[in-house]
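Residue-level structure breakdown
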Amino acid sequence: MVTSTKRKQEQIQAVAAAVIEPSSKKPKTTGSAPSFAGSWDKLKPILTPWILETIHTTFGFTNLTPVQASLIPLAISKNKDFLVEAVTGSGKTLSYVVPILERLVAKEAEMAKERGSAGSQGGTGVKGLRRNEVFALVVVPTRELAVQVHAVFELFFQGLRTYVADQKAMNSHGKEETTDDATQQEQQPLETTIIEEIYPSPLLLVSGQTTTSKSTTALPAPSPIIIGTPGRVASYLSTSLSTSSSSSTSAFARARKHLSLTPFSLLILDEADSLLSSPDHLRNMHTIWQTVPRQRRNWLFSATMMDVLSERTNGLLGQTGLERAGLKNLTRVVVKVETKVKGREQEGNEPAAPAEVKQRRTPVSLQNTYILCHAAEKTLQLVRALCTETTNNEHSKFIVYFSTCAAVDYFYRILRRLPELSHFHFSSLHGHLPPPIRTSTLSTFTSHTSTPLRPSVLLCTDVAARGLDLPDVDVVVQYDAPMDPKVFSHRAGRAARMGRQGKGIVLLTKGSEEGYIEFLALRKIPLRKQAYIGPEAEDQVDNEGGESSTAAEKSPFAVDPAADAMQLAIQNIVLEDRDLADKAAKAFVSAVRAYSKHEASYIFRLRDLDVFGMGKSFGLLRLPRMPEIRDWKDRVAKARERQEKGKAGDDDERLISSTWQDRDMNWDEFAYVSKTREAQRLAELKEAESKKDEIAAEREQAAKARREMAEKRVAWSVKKDRKDRKDVRREKKDRKKDWEAKEAKRLEVEAGEHTLDKPTAQSSATVASDGDDDDEMDEYREAKKSKKEHTGGNMIQSDMFDDLS
Ligand SMILES: Nc1ncnc2c1ncn2[C@@H]1O[C@H](COP(=O)(O)OP(=O)(O)OP(=O)(O)O)[C@@H](O)[C@H]1O
């Protein structure tokens, strides 16, 4: 393992400072605290016993994280809307789960008081809240995150059951000695009521469930706490409540029974920036906002919450956008991470330079790096990174992010069959997988006991970028940088959670993508350079930011020959099944299209994307037909022409170094492994063969039609051109006639007055000016001139004299 020299000089200290203030003011650091900020026991207000007990025994936590210490007391006691930002893995989930539970307990007690004895009003046996009454709603962007948050709530309610059982057992054995009156009061209702009736399991609303049935009886029963994705929550709310507007009294009664938002108090948006920026989420969020009562508290959470306030987007982001959504006067709770970098030792007796405090948006325990390579070397670098991280750094759990579902799907089939990675366990997760498979994939990855000898890798899209708390992830590799720069820190933040060491690697291609390093640095996400991983690679983090000495890096355009070998290895896997070739093409096309959608489009320029190199990295057998490829081919060809003329520039050299060769193979014999698919392909092939002449004729006809169309287009344009010219000529003729008539009239007048004056300066000028852009007038003037010359140069005068004579 290469240890960084610079790191030795640094004494990195995490400083988490909680900053709480109204949204109108700029956040400022008010102090510093260690990674934990006080004990749960000493939190004021004191937590309800079963909640505190669950935190201690079920979760095993003794201390609060800074975001929890800052928010929980406020969220429990103050009736405010909050906008919370803290780095990934800093415990934001509990910072809203605990206050929701505390407020629910308080609401339950309040309603119980209001409604009198148990079951007297609702008839359900529930003391305070009725069964159909919803108290809080937690909305998150992905199914997986919703499941995770739901599980946290479930743990608390299980903790409650255990707590009550313990209390009863202790009481029945006469061992319980209660000294604290408040505690006794809290316990009383719990012991006398069925817990499940008071606090039924929270309702989880995610894909794969029924939420849009016409009949409310088919809908899952409500619960005081509902957790779900925006689409599911919106449809559940509107379906549950829409029946209430029906004219049918029974339907109205049914709907009322099904769901009531009367006691609704809390709307929590976790990963709020994502919920407010995606148009799809936003549409559903509008439905939710319109459905839930206005008298509610809004709590918004994200590790990248503050960025959005300064952003001007089409969505809801930004201060004004939030205000428009009724999210006004949000109190900001910002937990900052600062690193103290000790000043360098000076030579001789000079004192060391003062320590520098730097703010960052990622956890201190996260070592974020980048590797520069050519597009053709990306898969090679990914494979080498996985290998070197296990062998040199003994890392065993990896997440690799790709930009599209098709890329995840394809690489999942390829990587696990590469000999270098045969000991890795691969899983894949993306939005196009059916919900049960998504669930099982995640649990397999989570439960897999990974060791450096049997490491595990999750290949995924951004569906797993935010919020997921996957235990023990060592390294996050970003094969493609995310479309939305905000997602970068969320992806990297799946490692290094809650103070654990972790590493992030982003693969950037040489050229314009290098600008991403500076771009992220400005957003307080510093990246260290990791040298290009060579064949005998060690973990070479280039801490000084200097250049690596590997051959591939010495020559700026030379591509590592091992990239060709990797392409060949992938191609050989693809050749086993035609279906893989289809998947490769789909993955490639989708990745190219995704590249054009980068928000930082001035860094990720489609025009600069080396599609040939990318094709190599994907192990394509041939390039698909698409405009991006055509353009790149043209540009490469033109660069070659310039090179032949000795006029090639730097950009041309880069283009020339980008090469592509289709795999020499017989596509007709390339078969699908799936028998039905292959039979279908052969049938199609046979049909095509039998209709060969017909198809050729059709093609010829189509080509002819295209040619004719092209000709017609030419003819049409020529016709139009002619017509235009004719119109111009007619116009000129009319103007000439006009001019002649006027001139004749003027001469008549002049003749009548017996004046021998020449045309006025103005009329000469008019003619001259007409003549500037009028060819016919020129001809006319020429003719007039020659006539003048013929008649001795003074037509007017001669006429005049004729008349006089
Ligand atoms: N007080 C605590 N003490 C110890 N561990 C904690 C504490 N609070 C939370 N954790 C653990 O820290 C991990 C990260 O917590 P959590 O998922 O809430 O982070 P987060 O800030 O929401 O991250 P992200 O921004 O990625 O969603 C979880 O495994 C959680 O159980």
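Residues numbered from 1 in each chain as written. Predicted model: local features only at pLDDT ≥ 70, side-chain atom pairs only at ≥ 80, totals over all residues. Heavy atoms only, no water.

Assigned secondary structure in the protein chain consists of 29 helices and 17 strands. Within the protein chain, buried positions represent 49% of all 805 residues. Sequence separation of 24 or more characterises 74% of the internal contacts of the protein chain that already satisfy a separation of 6 or more. Counting every atom, the protein chain has about 40,800 Å² of accessible surface; 51% of that belongs to carbon and sulfur. (Helix = DSSP H or I, 4+ residues; strand = E, 2+ residues; numbered from the N terminus. Buried < 20%, exposed > 50% of the residue type's maximum accessible area, 1.4 Å probe, protein only. Contact = heavy atoms within 4.5 Å. Areas by Shrake-Rupley, 256 points an atom, 1.4 Å probe, with all protein chains shown as cover.)

Side chains of Arg722, Arg725, Lys726, Arg729, Lys733 and Lys737 sit close together on the surface and give a patch of like positive charge. Within the secondary structure layout, Arg722 lies in helix H26 (residues 692-753). Looking at Arg722, the relative accessible area reads 55%, which means it is exposed. (Patch = residues over 30% accessible without salt bridge, like charges linked within 9 Å, V, L, I, M, F, W, Y side chains within 5 Å. Salt bridge = Lys/Arg side-chain N within 4 Å of Asp/Glu carboxyl O. Lys, Arg positive; Asp, Glu negative; His and termini not counted. Charge placed at Lys NZ, Arg CZ, Asp CG, Glu CD.)

Where empty space is left in the structure can be found by rolling a water-sized probe over the atoms. Following the criterion strictly, the structure yields 4 cavities of 30 Å³ or more and no others. Lining the largest cavity are 19 residues, with Lys378, Asp480, Tyr595, Leu609 and Met614 sitting closest to its centre. Contributions of two or more residues to the lining of the largest cavity are made by strand E15 (502-509), helix H21 (578-595) and helix H22 (611-617). In terms of residue count, H21 provides more of the lining of the largest cavity than any other element does, 3 residues in total. Residues of the lining of the largest cavity, tallied by class, amount to 12 nonpolar, 4 polar and 3 charged. Counted as a void, the second largest cavity has a volume near 60 Å³. (1 Å grid on protein atoms, 1.4 Å probe; cavity = no way out; pocket = protein on both sides within 12 Å on 5 of 7 lines; lining within 4 Å. Points joined across faces, edges and corners; volume = space filled by probe spheres on them. Nonpolar A, V, L, I, M, F, W, Y, C, P; charged D, E, K, R; others polar.)

What follows covers the site of the ligand. Taken together, 19 residues surround the ligand, and among them Asn63, Gln68, Lys92, Thr93 and Asp469 come closest. In the model, a nitrogen atom of the ligand is placed 2.8 Å from a nitrogen or oxygen of the Gln68 side chain. Between Lys92 and the ligand, the recorded distance is 2.6 Å, taken from a side-chain N or O atom to an oxygen atom. A per-class count over the shell around the ligand returns 5 nonpolar, 9 polar and 5 charged. (Near = heavy atom within 4 Å. Polar contact = N/O pair within 3.5 Å; in protein donor to acceptor, adjacent residues only side chain to side chain.)

Here we take up unusual backbone geometry. The linkage connecting Lys44 with the following residue, Pro45, adopts the cis geometry, with an omega of -5°. Looking at the secondary structure, you find Pro45 in the loop between strand E1 (14-22) and helix H2 (49-59). Despite not being glycine, Lys524 shows a phi value in the positive range, around 60°. Structurally, Lys524 can be placed in the loop between helix H18 (515-522) and strand E16 (528-530).

Under the counting rule described, the total for this entry stands at 22 aromatic pairs. Consider the rings of Tyr516 and Phe519, whose centres lie 5.7 Å apart with planes at 15°: the pair is stacked. Here Tyr516 and its partner Phe519 are both found in helix H18, 3 residues apart, which amounts to about one turn of the helix. On the accessibility criterion, Tyr516 (1% relative accessible area) is buried. On the basis of an interplanar angle of 80° and a centroid distance of 5.9 Å, the ring pair of Tyr595 and Phe604 is categorised as edge-to-face. By relative accessible area, Phe604 is classed as buried at 3%. An aromatic cluster of at least three residues, connected via ring pairs, comprises Phe402, Tyr410, Phe411, Tyr479, Phe588 and Phe618. (Phe/Tyr/Trp six-rings, centres within 6.5 Å; stacked < 30°, edge-to-face > 60°.)

Right, let's talk about the packing of H2 against helix H5 (residues 143-172) for a bit. The geometry of H2 relative to H5 is characterised by a closest axis approach of 9 Å and an angle of 110° between their N-to-C directions. Classed by the angle they form, the pair H2 and H5 counts as roughly perpendicular. Where H2 approaches H5, its residues Pro49, Trp50, Ile51, Glu53, Thr54, Ile55, Thr58 and Phe59 are matched on the opposing element by Val152, Leu155, Phe156, Phe157, Gly159, Leu160 and Tyr163. Its residues assigned to classes, the contact of H2 with H5 shows 11 nonpolar, 3 polar and 1 charged. (Axes fitted to C-alpha atoms, helices over the stretch in contact; angles between N-to-C directions. Parallel < 35°, antiparallel > 145°, perpendicular 65-115°, else oblique.)

Moving on, we come to the environment of Ser260. Positionally, Ser260 belongs in the loop between helix H9 (249-258) and strand E6 (266-270). Each C-alpha atom, one on Ser260 and one on Asn132, is 5.6 Å from the other, the two residues being 128 residues apart in sequence. Setting aside residues up to four positions removed in sequence, Ser260 forms contacts with Asn132, Glu133 and Val134. At 2.9 Å, the side chain of Ser260 and the side chain of Thr262 are in polar contact.

Given a rise of 1.5 Å per residue, 13 residues ought to cover 18 Å, and the 18 Å separating the end C-alpha atoms of helix H16 (residues 435-447) matches this to within 8%. Considered for burial, the residues of H16 that qualify are Arg438, Thr441, Leu442 and Phe445. Across the axial projection of H16, the buried residues extend over an arc of 95°, all falling on one side. Turned more than 90 degrees off the buried face of H16, the exposed positions are Pro436 and Ser447. On its buried face, H16 is in contact with H5, strand E11 (397-401), strand E12 (425-429) and strand E13 (456-460). (Expected span 1.5 Å × (residues − 1). Arc of directions from axis to C-beta.)

This part is about the pattern of salt bridges. Counted under the stated rule, the structure contains 35 salt bridges. Within this structure, Arg605, Asp608, Arg635, Asp651 and Arg654 form a network of salt bridges that share partners.

Here we take up the side chain of Thr362. Tracing the backbone shows Thr362 in the loop between strand E9 (356-360) and strand E10 (366-373). If sequence neighbours within four positions are ignored, Thr362 has contacts with Val87, Val337, Asn368, Ser489 and Ile525.

Attention shifts here to H18. For H18, the complete set of buried residues consists of Tyr516, Ile517, Phe519 and Leu520. Axial view of H18: buried residues confined to an arc of 165°, hence all on one face. In H18, the exposed positions angled more than 90 degrees off the buried face are occupied by Glu518 and Leu522. Buried residues belonging to H18 abut E10, helix H17 (486-492) and E15.

Glancing now at the pairing of E11. For E11, the tally of buried residues reaches 5 of 5 residues, placing the bulk of the element in the interior. Here E11 shows two buried faces, one formed by Lys397, Ile399 and Tyr401 and the other by Phe398 and Val400. In this structure, E11 lies alongside E13, joined through 5 bridges in parallel fashion. Across the sheet, Ile399 pairs through a bridge with Leu458, a residue of E13. Where E11 meets strand E14 (residues 475-478), 4 bridges bridge the pair, whose relative direction is parallel. The residue bridging Tyr401 from the neighbouring strand is Gln478, located in E14. (Pairing = 2+ DSSP bridges.)

Here is the key point about a regular strand: its side chains alternate between the two faces of the sheet. The buried count for E6 comes to 5 of 5 residues, which makes it a mostly enclosed element. The side-chain alternation of E6 yields two buried faces, one formed by Leu266, Ile268 and Asp270 and the other by Leu267 and Leu269. Sheet topology note: the strand E3 (residues 136-139)/E6 ladder contains 4 bridges and is parallel. Residue pairing in the sheet places Val138 in a bridge with Ile268 of E6.

Moving on: the nonpolar core. Counting 78 residues, the largest nonpolar core has Leu459, Phe588 and Phe618 as its most contacted members. Discounting residues that sit within four places of it in the chain, Leu459 has contacts with Val400, Phe402, Val408, Phe411, Tyr412, Leu415, Phe426, Ser427, Ser428 and Leu429. Ranked by size, the runner-up nonpolar core spans 74 residues in total, among them Phe82, Phe153, Phe156 and Leu160. (Core = buried A, V, L, I, M, F, W, Y, C linked by side-chain atoms within 4.5 Å.)

Our next topic: the packing of helix H3 (residues 66-77) against helix H4 (residues 92-115). Relative to each other, H3 and H4 sit at 20°, their axes nearing to 9 Å. Of the possible angle classes, the one that applies to H3 and H4 is roughly parallel. Read as a crossing pair, H3 and H4 show a hand that is right-handed. Side by side, H3 and H4 meet where Val67, Gln68, Leu71, Ile72, Ala75 and Ile76 of the first sit next to Lys92, Leu94, Ser95, Val98, Pro99, Glu102 and Arg103 of the second. When grouped by side-chain class, the residues that make up the contact of H3 with H4 number 8 nonpolar, 2 polar and 3 charged. (Left-handed = near helix turned anticlockwise from the far one by under 90°.)

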